[in-house]
Amino acid sequence: MNISIDDYDIYYKITGEGEKTAVILQGWGTSAEMYDLVAKSIADGYRVVQFDFPGFGKSDEPREPWNVSAYTDFFCKFMEALEIRSATLIGHSYGGRVIIKAATRQSIPFTIERIVLIDSAGVLPVRTAKQKFKVRKYKILKKLLVNKVVYFLFPEVVDEWRSRQGSADYKNATPIMRQCLVMAVNEDLTELLPQIKQDTLLIWGDLDTATPIRDAHIMEEKIPHAGLVVLEGSGHFSYAEQPAKFTGILRSYMLG
């Protein structure tokens, strides 16, 4: 199904049954269907809403770069459009950022019952001395190589250097979405964590390199009512790598 929000065509789907509602907020660059497993695990007790953020999956791309707050504004409008007054929010990776923002706002048009964060983003990574040097080197080279004269003289060299920069998410993104990603990864939400009042379940893969287990321990410590479950041997998509264990954990938390 599709719905228009601020003239953006937004894809969403609703499955399951039950009086309670759960909404799944996706990770960066994914599609709503990638979370079918999550939805099916609780569909016998919840009405489950999946959707694509603007610029993700089948939804229109933002007309200008959005930071996490702008995506949170959109999410609130989405909830209003679907007339959802109360829900449990389940967020993977980037979706966790939006949940953290929404949960700590002074006012939102719906009630957050509980929160589930799966390999969530939001904690700024600690850079080693080697990584800091690499960033400084990148900035110096970027300033040099974006020079029009340098590009005119050595176009192949500049293009080859550009092709090697950034993560896979960054390389695969459009120019606008790249700016959205840069704003997101450079915003540290750690100081907001103590303001989350809802009961929060953290589910994490101990081999996650995108949002390492260190982030999970920080969230567990700082969110007042948080509990952490670690899926050993799993990476950033822990829910998909160990579906049986994940399903058991989520069902126990939400339906037990």
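Residues numbered from 1 in each chain as written. Predicted model: local features only at pLDDT ≥ 70, side-chain atom pairs only at ≥ 80, totals over all residues. Heavy atoms only, no water.

Visitor: Please clarify how the overall build of the chain should be interpreted in this entry.
Guide: Counting its secondary structure elements, the chain contains eleven helices and eight strands. Expressed as a percentage of the 256 residues in the chain, the buried residues total 46%. Look at the contacts in the chain between residues 6 or more apart in sequence, and 75% of them connect residues 24 or more apart. (Helix = DSSP H or I, 4+ residues; strand = E, 2+ residues; numbered from the N terminus. Buried < 20%, exposed > 50% of the residue type's maximum accessible area, 1.4 Å probe, protein only. Contact = heavy atoms within 4.5 Å.)

Visitor: For this particular structure, what's the right way to read the environment of Ala184?
Guide: Looking at the element boundaries, Ala184 is found in helix 8 (residues 175-185). Taking the relative accessible area as the measure of exposure, Ala184 reaches 1% and is therefore buried. For the pair Ala184 and Ser69, spaced 115 residues apart in the sequence, the C-alpha separation amounts to 9.4 Å. For Ala184, the residues in contact, after removing those within four places along its chain, are Val68, Tyr94 and Arg97.

Visitor: Is there a simple way to explain unusual backbone geometry in this structure?
Guide: Residues other than glycine predominantly adopt negative phi, and peptide bonds predominantly adopt the trans conformation. Located in the positive-phi region is Glu83, a residue other than glycine, with phi close to 55°. Secondary-structure assignment places Glu83 in the loop between helix 2 (68-81) and strand 5 (86-92). Residue Glu83 is classed as exposed on the basis of its relative accessible area of 58%. Positive phi values are uncommon outside glycine, yet Asp119 reaches one of about 45°. Relative to the helices and strands, Asp119 resides in the loop between strand 6 (111-118) and helix 4 (129-145). On the basis of relative accessibility, which here comes to 0%, the residue Asp119 falls in the buried class.

Visitor: Before we go on, may I ask you to explain the environment of Pro65 in this structure?
Guide: Inspection of the secondary structure assignment puts Pro65 in the loop between strand 4 (46-51) and helix 2. When the C-alpha atoms of Pro65 and Met177 are compared, they prove to be 6.6 Å apart, with 112 residues separating the residues in sequence. Discounting residues that sit within four places of it in the chain, Pro65 has contacts with Ile176, Gln179, Cys180 and Met183.

Visitor: When you look at the packing of aromatic side chains in this model, what are you seeing that I'm missing?
Guide: Ring pairs (aromatic) are described by centroid distance and by the angle formed between their planes. Throughout the structure, instances matching the rule amount to 22 aromatic pairs. Measuring from ring centre to ring centre gives 5.5 Å for Phe53 and Tyr71, while their planes differ by 80°; the resulting arrangement is edge-to-face. Here Phe53 is found in the loop between strand 4 and helix 2, whereas its partner Tyr71 is found in helix 2, with 18 residues between them in sequence. The positively charged end of Lys58 is found above the aromatic ring belonging to Tyr11, 4.5 Å away from the centroid. Over the ring of Tyr253 we find Arg114, and its NZ or CZ is 4.5 Å from the ring centre. (Phe/Tyr/Trp six-rings, centres within 6.5 Å; stacked < 30°, edge-to-face > 60°. Lys NZ or Arg CZ within 6 Å of the ring centre and 35° of its normal.)

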